[in-house]
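Architecture at a glance
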Amino acid sequence: MAVEPLESEEIEARLAELPGWSLDGDRLARTYRLGTHFAATAMVVHIAQVQEELGHHSDLTLGYNTIALTVNTHSVGGAVTALDFDLARRVEELAPGHGAS
């Protein structure tokens, strides 16, 4: 199935369903704060597992007790697609289990 870039209106509508996520240029972005560095590291590993399952990967930055993600779809020239929202939604689902806010 071919992946197509989403229109601005569709991106805004989907972002409304993902509190904490925003559009940063041509990428979806979110930063999570966790209780400890170990908790943040564990969440990064969990995110990596989800990315492998989806075959779609974000840029991840691990800080002391933070994780920053940005994602877009390289195969369509770096635009935002439904794949990016699928990944964002999966990360949102796992975040509470790691104590992320």
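Residues numbered from 1 in each chain as written. Predicted model: local features only at pLDDT ≥ 70, side-chain atom pairs only at ≥ 80, totals over all residues. Heavy atoms only, no water.

Our next topic: the nonpolar core. In terms of nonpolar packing, the biggest core is built from 25 residues, with Trp21, Tyr32, Leu34, Met43, Ile67, Phe85 and Val91 touching the most fellow members. Taken together, the elements giving at least two residues each to this core come down to helix 1 (8–15), strand 2 (27–33), helix 2 (37–54), strand 4 (66–71) and helix 3 (82–94). The element contributing the most residues to this core is helix 2, with six residues. Apart from the residues within four sequence positions on either side, Met43 is in contact with Tyr32, Leu34, Ile67, Val91, Leu94, Ala95, His98 and Ala100. (Core = buried A, V, L, I, M, F, W, Y, C linked by side-chain atoms within 4.5 Å. Buried < 20%, exposed > 50% of the residue type's maximum accessible area, 1.4 Å probe, protein only. Helix = DSSP H or I, 4+ residues; strand = E, 2+ residues; numbered from the N terminus. Contact = heavy atoms within 4.5 Å.)

We now examine the pattern of salt bridges. Tallied over the full model, the rule gives five salt bridges. Between Asp59 and Arg27 there is a salt bridge, and its shortest N-O distance comes to 2.6 Å. Taken together, the residues Asp59 in strand 3 (residues 59–62) and Arg27 in strand 2 connect sequence positions 32 residues apart. We classify Asp59 as partly exposed; its relative accessible area is 44%. Given the relative accessible area of 17%, Arg27 is considered buried. (Salt bridge = Lys/Arg side-chain N within 4 Å of Asp/Glu carboxyl O.)

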